[in-house]
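So the chains spell out like this:
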Amino acid sequence: MIFVELFWSFFKIGMFTVGGGYAMLALIQQAIVEHGWLRLEEFIDIVAIAEMTPGPIAVNAATFVGFRSASIPGALVSTGAVVLPSLIGMLILSRFWSQYKDSPKVQAIFQAVRPAIAGLIISVAITLGAAVLSAGADGFNILGLVIAAGVFFAVYLKNVDPFKMIILCAILGLILFR
Amino acid sequence: MTRRKELWEFFASFFRIGLFTFGGGLAMLPMIEREVIDRHGWTDRDEILDIYAMAQSVPGVIAANTAVFLGNRLFGFWGAVLGLVGVVLPSILIITVIAIFFEQLKANPLIAAAFEGIRAAVVGLIAAAAVRVGRRAVKGGFALAMALGALLLSLSGYVNVILIIILAGLAGYLQYRVKGSESQ
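Residues numbered from 1 in each chain as written. Chains lettered and ligands numbered in written order. Predicted model: local features only at pLDDT ≥ 70, side-chain atom pairs only at ≥ 80, totals over all residues. Heavy atoms only, no water.

## Observations concerning the nonpolar core
Working step 1: Counting residues in each nonpolar core, the largest one holds 121 residues, and the members touching the most others are Phe10 and Tyr22 of chain A together with Ile32 and Ile126 of chain B.
Working step 2: A domain split of this core shows at least three residues from each of domain 1 (3-137) and domain 2 (139-184) of chain B.
Working step 3: Each residue touching Ile32 of chain B, except ones within four places of it in the same chain, is listed here: Ile17, Ile37, Ile48, Tyr52, Ala63 and Thr66 of chain B. (Core = buried A, V, L, I, M, F, W, Y, C linked by side-chain atoms within 4.5 Å. Buried < 20%, exposed > 50% of the residue type's maximum accessible area, 1.4 Å probe, protein only. Domains from an automatic or database assignment. Contact = heavy atoms within 4.5 Å.)

This is the structure we're talking about:
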């Protein structure tokens, strides 16, 4: 049953992502590949669209995957499922927050989970990088590598707005890949 | 202002937050502050830091977590629900429209070429996000081991991502216990 699968997958994604944003990509990628909902290339397109359109990335990705798998009801189920842990978790935790925030036990757990999430995001970058860079006509997309490296340095070192970089690279794509 | 009207205002505020912030995650914070502090005075700069800390340390989408916490504090359960619906509604509407036309758009050779460039850009963007999160979270050998371990397990393709996160949390807890018993 597609709706149960979508709900359960995106509920887990919402529940196991700490830190929001890109931290969710590893989980979303795994769910998509596992169920064969989308090709890896389409997943990269979703990340681009999620970045270019307003709203939280995980919500955008959930809506897109849900729609592609089961039309509008699929989009609603996936999106509801990805934010449901927020509703449950925050309503419960806001009562216990004052004890919870200073608990050394909780701090210790998060000090291990956060770097692990960084490692997971790196693994997404490597997997997607390999998919993009092997897409060239001769099995290696050197222009893609140059663009990816340029974007990395512009965003990481110069703090350039990711939205602007995507527009710039779309124009580069029009010139270079036609 | 009547309570019903203010609840409606709260929904509209989070709808605007969902509509006008690009990139998600921490990129949404300045817009959230403009709406809930500067425009409506629902909270102040001190409390918002506490809310962010909480929104980032419990699982879930940060903007959704913030909407639920503030909505619940100001208006109770239905405030939480309305804030949540408000912040995700723009995404649902916009992405659904894009998804409907996406296949046709990609059949256009110009757009296909543009997406070749965009895909390469996304790889660079994710790499930048990874290094940024890493620089903030990896302090010391233990954290480095967690990051490398998660990276290798994930790349191997044999271990579920959720299991990797649970294992990291478990390792953090065990390290805390070991450290605690040493210092006693």
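There is more to say, and it comes next.
## Section: the packing of aromatic side chains
Working step 1: In this structure the tally under the stated criterion is 13 aromatic pairs over all chains.
Working step 2: Ring centres of Phe7 of chain A and Phe11 of chain A lie 5.8 Å apart, and the angle between their planes is 10°; on these two criteria the pair is classed as stacked. Taken as a pair, Phe7 of chain A and Phe11 of chain A lie in helix α1 (residues 2-16) at a separation of four residues, close to a single helical turn.
Working step 3: Exposure remark for Phe7 of chain A: the relative accessible area of 34% places this residue in the partly exposed category.
Working step 4: By relative accessible area, which is 13% here, Phe11 of chain A ends up buried.
Working step 5: Ring centres of Trp8 of chain B and Phe11 of chain B lie 5.3 Å apart, and the angle between their planes is 20°; on these two criteria the pair is classed as stacked. Placement of the pair is Trp8 of chain B and Phe11 of chain B together in helix α1 (residues 3-20), with a separation of three residues, close to one helical turn.
Working step 6: One aromatic cluster is present, formed by Phe10, Phe14, Trp42 and Phe75 of chain B through successive ring pairs. (Phe/Tyr/Trp six-rings, centres within 6.5 Å; stacked < 30°, edge-to-face > 60°. Helix = DSSP H or I, 4+ residues; strand = E, 2+ residues; numbered from the N terminus.)

## As for the interface of chain B and chain A
Working step 1: On the chain A side, the residues contacting the 89 residues of chain B number 92 residues.
Working step 2: Carbon and sulfur atoms supply 78% of the area buried between chain B and chain A, which totals about 8000 Å² over both sides.
Working step 3: The partner of Lys106 of chain B in a salt bridge is Asp45 of chain A, with the nearest N and O atoms 2.8 Å apart.
Working step 4: Taken together, chain B and chain A are joined by 12 residue pairs in polar contact (both at pLDDT 80 or more).
Working step 5: For the side of chain B that touches chain A, the elements supplying multiple residues, two or more each, are α1, α3 (45-57), α4 (62-75), α5 (77-107), α6 (109-137), α7 (141-156) and α8 (161-183) of chain B.
Working step 6: In terms of residues, the side of chain B that touches chain A owes the most to one element, α6 of chain B, which gives 25 residues.
Working step 7: Of the residues that constitute the side of chain B that touches chain A, the class distribution is 63 nonpolar, 19 polar and seven charged. (Buried area = accessible area lost by both parts, 1.4 Å probe. Salt bridge = Lys/Arg side-chain N within 4 Å of Asp/Glu carboxyl O. Polar contact = N/O pair within 3.5 Å; in protein donor to acceptor, adjacent residues only side chain to side chain. Nonpolar A, V, L, I, M, F, W, Y, C, P; charged D, E, K, R; others polar.)

Read these as spatial facts, not as claims about activity.
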